[in-house]
Amino acid sequence: MDRRNLIRLAAGTSAAIAAGSFAGARPAQARPGPRSTVAEDGSGDFTSIQAAVDAVPPGNTARFTIDVEPGTYRGQVIIPADRPHILLRGRGTRPEQVVITDDRANGTPRPGGGTWGTSGSASVTVDGAGFAARNLTLANSFDEAAHPEITGRQAVAVLTRADRIEFDTVRFLGNQDTLYLNSRAADVPARIYLRRCYVEGDVDFIFGRGTAAFDRCRIHSLDRGSATNNGYVTAPSTSVGNPHGLLFSACAFTSDAPAASVYLGRPWHPSQDPNAIGQTVIRDSVLGAHIGATPWSDFGTWPWRDARFAEFHNRGPGALVTPDRPQLTRAEAAGYTVGAYLAGADGWSPHC
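Only a predicted model underlies this, so the values are computations on that prediction, with no experimental measurement involved.

Trainee: Explanation requested: the confidence of the model for the protein in the structure shown.
Mentor: Should the pLDDT be low somewhere, the predicted coordinates at that spot are not to be read in detail. Averaged over all residues, the pLDDT of the protein equals 92, while 90% of them reach at least 70. Strand 9 (residues 158–160) holds the highest mean pLDDT among the elements of the protein, 99, whereas helix 2 (residues 15–18) holds the lowest, 43. Segment residues 1–29: pLDDT under 50, and 63 contacts once partners within four positions in sequence are set aside and those in other chains are kept.

In structure tokens form, the structure reads like this:
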């Protein structure tokens, strides 16, 4: 099956998203409420994203929109916990036109000594609840080839630790550890909704203990040049008490890597935590040939069979049904939906 047919099979996923382009995205429409504008040419209220975030009133109780004009904005962005309800909105006609990026990795030296670490490498860190981003690109542009002296190559594009986060028509670009979906503490759930997004990376590039629903997204694995192992899509560390980890619904899993050289996931146990029983569920999605017959992998001494990995009603050349691929029954699948993952105790429903 060629790539064009694979894309066309993606139920509910437009060809534009499956190709990694959002040319059909409509320009963002003005809405009432407090707002500011960021423009790199000086025509807005601010020239940097962080300056605009810092100007949002602490303890803001309503949506505050930061409109970002087309351009490339470099430097880390931190959305602090006392700045909730921020909407970061790209003002281009496509998310490629607004790029927010930084270029540090886990092993990049800090000015005051030591290294940044995985969390510290994030280009964008979200601690403010109710954050949303639309129609833009969030990237970590750390160049692995240009820095052979740096062996800690985890380079996060986005780290989320807050609850009720929304990403709509957003591109996430990186290599290892692109999208870190976390929470404030192991026993504190944090929900993230990703609609019509594009996520790109190679090793464990979607990971963490957050509850995340990927709805009609394209998940693209990069080719690392190996004939047998080009990385892992997910590395969940879901707390054993949380029934909802990572859900992929009506998504397209694509790659230019060789056939059967990419794993769907492996269970991450941070600090060897035995209560991190990761969950990844992939349903109603299209899987390319880069996914093999045994798509789940052990992580060190932690076996994948002890994790909560499952599939349901997937299609495409990588969607084989084998003894090494747990499948949900139709009755079980009824409880693994975008709505169920996001509802929580407050009935949150951003997708409706």
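After that view, the rundown keeps rolling.
Trainee: For this particular structure, what's the right way to read the pairing of strand 14 (residues 203–208)?
Mentor: Burial of strand 14 is extensive: six of the six residues sit out of reach of the surface. Examined bridge by bridge, strand 14 and strand 17 (residues 232–236) share four bridges and lie parallel to one another. When the sheet's bridge partners are listed, Val 203 is paired in strand 17 with Tyr 232.

Trainee: Where do I start with unusual backbone geometry in this structure?
Mentor: Residues other than glycine predominantly adopt negative phi, and peptide bonds predominantly adopt the trans conformation. Notably, Asp 177 is not glycine yet its phi reads approximately 65°, a positive angle. Here Asp 177 is to be found in the loop between strand 10 (165–173) and strand 11 (179–181). Backbone geometry at Asp 284 places phi at a positive 50°, although glycine is not the residue there. Under the relative-accessibility criterion, Asp 284 is labelled buried at 18%.

Trainee: Before we go on, may I ask you to explain the packing of aromatic side chains in this structure?
Mentor: When we look at a pair of aromatic rings, we describe it by the centre distance and by the angle of the planes. This structure, assessed with the given rule, holds ten aromatic pairs. Ring centres of Tyr 180 and Trp 268 lie 6.1 Å apart, and the angle between their planes is 65°; on these two criteria the pair is classed as edge-to-face. Highlighted residues: Tyr 180 in strand 11 and Trp 268 in the loop between strand 20 (263–265) and strand 21 (279–283), separated in sequence by 88 residues. Look at Trp 268 and you get partly exposed, because its relative accessible area is 22%. The rings of Phe 131, Phe 167 and Phe 172 are connected pair by pair, giving a single aromatic cluster. Sitting over the ring of Trp 116, Arg 104 keeps its end group 4.3 Å from the ring centre. The ring of Phe 299 carries the charged tip of Arg 266 above its face, separated from the ring centre by 3.8 Å.

Trainee: What exactly am I supposed to notice about the nonpolar core here?
Mentor: A general feature of soluble globular proteins is that nonpolar side chains tend to end up buried together. In terms of nonpolar packing, the biggest core is built from 56 residues, with Ile 66, Phe 167, Phe 172, Leu 194, Ile 206, Phe 214 and Ile 219 touching the most fellow members. At four residues, the largest contribution of residues to this core is made by strand 10. What Phe 214 contacts, discounting residues up to four positions off in sequence, is Leu 179, Leu 181, Leu 194, Val 199, Ile 206, Ile 219, Leu 247, Phe 248, Ser 249 and Cys 251. Among the nonpolar cores identified, the runner-up in size contains twelve residues, and Ala 213, Val 281, Ala 310 and Ala 333 belong to it.

Rules used throughout
Per chain, residue numbering runs from 1 following the sequence as it is written. For this predicted model, a pLDDT threshold of at least 70 governs which residues receive local features, and a threshold of 80 or more governs which side-chain atom pairs are given and counted, while totals over whole chains, interfaces and linings are taken from all residues. Excluding hydrogens and water, the side-chain values take into account all heavy atoms of the structure. Per residue, pLDDT measures the predictor's confidence, with a range of 0 to 100. Counting from the N terminus, the helices are DSSP H or I runs at least four residues long and the strands are E runs at least two residues long. Contact between two residues is taken to exist if any of their heavy atoms lie within 4.5 Å; hydrogens are not considered. Here the term buried applies to any residue with accessible area under 20% of the maximum for its type, exposed to any over 50%, and partly exposed to those in between, with areas from a 1.4 Å probe on protein chains only. Strands are labelled as partners when DSSP assigns at least two bridges between them. Only the six-membered ring of Trp is used, alongside the rings of Phe and Tyr, when aromatic pairs are assigned; centres must lie within 6.5 Å, and planes under 30 degrees apart are stacked while those over 60 apart are edge-to-face, with the rest tilted. Cation placement over rings: the criterion is NZ of Lys or CZ of Arg within 6 Å of the ring centroid and within 35° of the ring normal. Throughout, nonpolar core names a set of buried Ala, Val, Leu, Ile, Met, Phe, Trp, Tyr and Cys residues whose side chains join them through atoms within 4.5 Å.

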